[in-house]
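Listed here are the chains, written in short residue letters.
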Amino acid sequence: MQYIKRLLDVYIALQALFALSWGFSDTEPGPVAGSQSNGDRFKIEGRAVVPGVKTQDWISTARILVEGEEYVGFLKTDGSFAVNDVPSGSYVVEIVSPSFRFDPVRVDITSKGKMRARLVNYIKTSEVLRQPYPLQIRSGGPHTYFMKRETWGWTDFLMNPMVMMMVLPLLIIVLLPKVVNTNDPEMRKEMEQSMNMLNPNPELPDVSELMTKLFSKGSSKSGGGTKGSRSVALKRR
Amino acid sequence: MAWLVVRLAISLSLLYTASAVFEDQVGKFDWREQFIGKVRFALFDTHSQASKKLLVATDKNVFASLNSRTGDLFWRHVDKTGPEGHIDALLMYGQDAVVVVGNGRLLRSWETTVGGLKWEAVLDTGSFQAAALIGVQDFVKYVAVLKKSAISLHDLSSGSQIWVENLPDSDTVQYQTIYSGGNGLVFVLGFVPSSHIVIVEYKIEDGEIMKKKSVEAAWMSSLENSCAVISSGNLLCVDQTTQSLYTLPLQSAEHTEMRQIHLQTLDLEVASGFQPVLTSTQPNPAQPPLAEFFLQLSPDHHILLQLKDDLIAPLRDFNPSYLAAFATSGEKTVAAVMTSKNDTACSINLFSADTGRRHLDTTIIYHMDPNGGKPNRLYVHAFLKKDDSVGYRVMVQTEDLTLTFLQQPGRVVWMREEALADVVTMEMVDLPLTGTQAELEGEFGKKADGLLPMVLKRLSSQFILLQAWMAHLWKLFYDARKPRSSVKNEVTIDTLSRDEFNLQKMMVMVTASGKLFGIDSKSGTVLWKQYLEDIKPDSIFKLIVQRTTAHFPHPPQCTLLIKDKDTGLGSLYVFNPIFGKKSHISVPALPRPVLQTLLLPVIDQDYAKVLLLIDDQYKVTAFPSTKNVLQQLQDTASSVFFYLVDSSQGKLSGFRLRMDLSTELIWEVVIPTEVQKIVAVKGKRANEHVHSQGRVMGDRSVLYKYLNPNLLAVITESTDIHQERSFVGIFLIDGVTGRIVHEAVQRKARGPVHFVHSENWLVYVYWNSKFRRNEFSVLELFEGAELYNSTVFSSLDRPHPPQVLQQSYIFPAPISTLEATLTEKGITSRHLLVGLPSGSILSLPKMFLDPRRPELISEQSREENLIPYAPEMPIRTEWFINYNQTVSRVRGIYTAPSGLESTCLVVVYGLDIYQTRVFPSKQFDVLKDDYDYVLISSVLFGLFFATMISKRLAEVKLLNRAWR
């Protein structure tokens, strides 16, 4: 609420400024029924373009909406449009099409019929960033209605941090013994030292040890198997 | 920069909350039907033989092109509602269609193949009378528009105005018709009631009045239907009181009086009280009309007549005949006449227009729907066959707005139910269980009768299940051999049964024309329809489900209350919503206007909920009103309260039921009508479940919700519409005690206000007239950190007022409707469904409308998953639940829970109907559509084989070691 209040202050200040500089009265009522009905009626004109698409492919499903469905216009075969019978006021003009995206434009019409177009800004409602009039509206491309499915691929799987965390240590465990000669007594001593460094408190039960104990209870056989393989390897050498 | 961060935070948080459609889900569980409304003008494109176009203009201000072979839309243009978009006339010439819109305000020419506008011309104000194409020397070049006081001529290719002329004495003379025979002159016909006819002759080139004459016609009351121009400029009129035909050559100067021909001389007579109708045909606007014409003497009597050498001769008498129409193909003009064959069918025959002779083998049999209305319009499309004979197809429109397109010998090519363009209200009803399912259910329902019978029963039901499963397997196997296309099994009323998750339901739709529909929610097929005759236009409908399908063997029961708009008198129509059959239950007579209805949770011995109807003397009628019900009502009367709204006096009053079904006034709230008027009053939905009593805060305490089931939201609008002084008022009133729980005023705001009232919150949208934008505001009510009475809620014992939190947001688009999703148990987070004028339905997470959204992010707010406050509400096209299937003129959104907690069924109705499912918290209780069965099974198998292999290897190693 406070935010809106602050904006309101800003708005009032800006309001005064622009009313002076443009000779436009922004406070003019919008499409209020009754108060303007016997006044003059004006025409909002413009042209809509979808780059790369022929007009006949999209104009039959598109409409021009002025301030919701207050006034409705249709597109001509060349992409131009006109909305007739609009009294003076300030309106948001929007081209709606189920296939293509168009940005809305605010059009101000004075009681004398002077027109100007500006960017729609709902927060700073009096900010004027002029747009060409008659309106030139270019489509920003097709609408994106759909979310992308998360597809599964090997690269996604491998680049997953969890997988990386699992695969890298595995590689180290498998490859390191092959690279480093474990038979070298000096080397072994060094490694043991470094292991002790990593494990500062020998009293504390190691988590990995705990786990291996827990899981090897039922499958002591396989545990034996790994031991055996090492001895075999030793024998071969 | 800060903005950017907030935006980023929002978009990130959305990744996890928003439900969206995936591309492969298109059409899987959603469907859309497009409608046009009641056809007022229909023209077949006869420009070329191969053309399939059928141009229609309807009372819904829709101009569309239909494919006459399939009934599908080529394109459709929906204009503004109300008189400003009203289509006054439709003319077609060649590739172009000229439409007069908005009481003659706009003249539009459409390129009919593309569906784009060719030109648009603004005409002067003045009420529209007639429009006609004007031809010169065999070419149609102009279009003339006749207004009350002026006539204008426009060029057909550019729309530029050639000339505009004021009509002489337009304040006394009513000009109604234009005629041109292609000879360079335009005739404007007008008349002074009970006095004379005025004929003004204009020159096409410059609009100069060539001649003006008035002819005595004291009997004249209207030109439009009782007069026609036939055969090179002869005005022909028919009058019921004098039982005569009158003719007058338009161009000749010497005739100053109309020639009277008594109908008796032709052995004809107009039925008493019937306004006779003349129908002529002018196949080419550049040439004079034919000399033959139809005269309708009574609702079912037409006669084909011919004017020849100033004599009128009957060609053929069609008695009885319902409808007659001319059609032209090439040089040949034919007349199609619909006559009654028997009670259920009509036959349509083709006659040659110039002789009245019947064409052989041209009969089309039209079978009338026994639950539909009578045919009332006939549109004929004639074409030349290869052997140069005339073939034809017809489109029949009935009173219940069904369009049927038929071809010989009576094959229905397509059918459109245009009544569905105006759905007023709807309900979704669960489908019944199948026989086997019901059998199983029945086992649990009955009381135990011994051990052995129960075991036997169990066995037998298991056997039935096995049988059903085998049958299902067999069907699968059988279908697998057939080609794919033929497998698509049709949904019929007999194969209807509830699916596992209760996702398929029966949509019961009530339309403004008084036609009821039962539509399968899965496919959109109309399963039954029932036309209720004698329903006045603008009646008010209320549909109530009194008994659901859950009470087998009692059939489900729906009650429709039809209330006349002027008198307020109501009537009840009771029917079975699954089969559409009218129930034979005696319905209470309602001699007094009904003010309010109330569906009580009290049920009678047949499990039908009791409906209370309150009349204008505050007397209550119960339906059903058996002894059992009355007894129950007496017991519960002291706790039955209801409210009445009188918006003309700004009065809201609460009543309590007495034992003798009279009522007593308990409270009254008066909102002064000089300042503001009540625009809407809404309670909460009765079938809504709230799962959690409170919200867990960041500091682990609980903020309890104020869940008052009796709370009414009253919206008022100021009578002063000046933008500085207008306001919108919101009152939250307890319906039992009349206590105003909360009151809020939105200054510098005006309606239309859309709002949703649910759980402990109210969301409303209004127009901020100062900043010219739509704003959302949310009110949430909390009891505080402690519940006053945690077991039961009582409106009478509420010492503490609730804490009210409110926040407002900017919504960067206009809104046409607002509704909230609804699920079975209320566990799933809520979304708001916002209907936009563009036809998209936005699914906005309620998370965005949370008055506790903080301005500054703190640890606690992050823990609660609150999105930081941002004044502007985001709209993302990914949230459009109907992607590019836009729904024109959304009138209402209906939400219903399904058997799955994650899934909410949504029906959007307006000019179109769209049905879909939404998953506000994603599909957490079912496997995803893209669930990778291959991956999971390959991983499982891989692991299995890996263990097998490693086991084997280990054994080998062990053996090797043992050998060592």
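This structure is a prediction, so every number in the text was calculated from the model and none was measured.

Novice: I tried to follow the overall build of chain B on my own but got confused; where do I start?
Specialist: What chain B contains, in helices and strands, is 7 helices and 63 strands. Every one of the 964 residues in chain B was classed for burial, and the buried ones make up 53%. Long-range pairs, those at least 24 residues apart, make up 50% of the contacts in chain B between residues at least 6 apart in sequence. Carbon and sulfur atoms make up 53% of the accessible area of chain B, which totals about 44400 Å². Positive and negative side-chain charges in chain B, numbering 96 and 103 respectively, have mean positions lying 7 Å apart.

Novice: Sorry, what's going on with the sheet that holds strand E41 (residues 570-575) of chain B here?
Specialist: The pairing of strands in a sheet comes from backbone hydrogen bonds and takes either a parallel or an antiparallel form. Residue and element names in this part refer to chain B. Read from one edge to the other, the open sheet built from 3 strands follows the order E39-E40-E41, with strand pairing classed as antiparallel. The sheet terminates laterally at strand E39 (540-547) and E41, the two strands that pair on one side only. For this sheet, the mean angle separating the axes of adjacent strands, direction not counted, is 20°.

Novice: Whenever I open this one, the side chain of Asp88(B) confuses me. Can you help?
Specialist: Residues and elements named next belong to chain B. Summarising the element assignment, Asp88 is placed in strand E7 (residues 87-93). Of the side chains with opposite charge, Arg40 comes closest to the buried, unpaired Asp88, at an N-O distance of 5.8 Å. Here the side chain of Asp88 touches His86 through a polar contact of 3.0 Å, side chain to side chain. Setting aside residues no more than four positions away along its own chain, Asp88 makes contact with Phe41, Val100, Val101, Gly102, Asn103, Gly104 and Phe128.

Novice: Please explain the UniProt feature "domain: ER membrane protein complex subunit 1 C-terminal" (unreviewed entry) in chain B as it appears in this structure.
Specialist: Mapped onto the present numbering, the UniProt feature "domain: ER membrane protein complex subunit 1 C-terminal" (unreviewed entry) falls on residues 758-963 of chain B. For residues 758-963 of chain B, the end-to-end C-alpha separation is 79 Å, with 17% helix and 30% strand making up the annotated structure.

Novice: How should the state of the cysteines be read in this particular structure?
Specialist: Here, the word disulfide means a covalent bond between the sulfur atoms of two cysteines. Residues and elements named next belong to chain B. With the rule as written, the count across this model stands at 1 disulfide over all chains. Each sulfur in the disulfide pair Cys227 and Cys237 lies 2.0 Å from the other. Between Cys227 and Cys237 the disulfide shows an S-S torsion of about 110°. By sign, it is right-handed. With Cys227 in strand E19 (residues 227-230) and Cys237 in strand E20 (residues 234-239), this residue pair connects regions lying 10 residues apart in the sequence.

Calculation notes
Residues numbered from 1 in each chain as written. Chains lettered and ligands numbered in written order. Predicted model: local features only at pLDDT ≥ 70, side-chain atom pairs only at ≥ 80, totals over all residues. Heavy atoms only, no water. Helix = DSSP H or I, 4+ residues; strand = E, 2+ residues; numbered from the N terminus. Buried < 20%, exposed > 50% of the residue type's maximum accessible area, 1.4 Å probe, protein only. Contact = heavy atoms within 4.5 Å. Areas by Shrake-Rupley, 256 points an atom, 1.4 Å probe, with all protein chains shown as cover. Lys, Arg positive; Asp, Glu negative; His and termini not counted. Charge placed at Lys NZ, Arg CZ, Asp CG, Glu CD. Pairing = 2+ DSSP bridges. Axes fitted to C-alpha atoms, helices over the stretch in contact; angles between N-to-C directions. Salt bridge = Lys/Arg side-chain N within 4 Å of Asp/Glu carboxyl O. Polar contact = N/O pair within 3.5 Å; in protein donor to acceptor, adjacent residues only side chain to side chain. UniProt positions renumbered as here; feature names shortened; annotations may be inferred. Disulfide = S-S within 2.5 Å.

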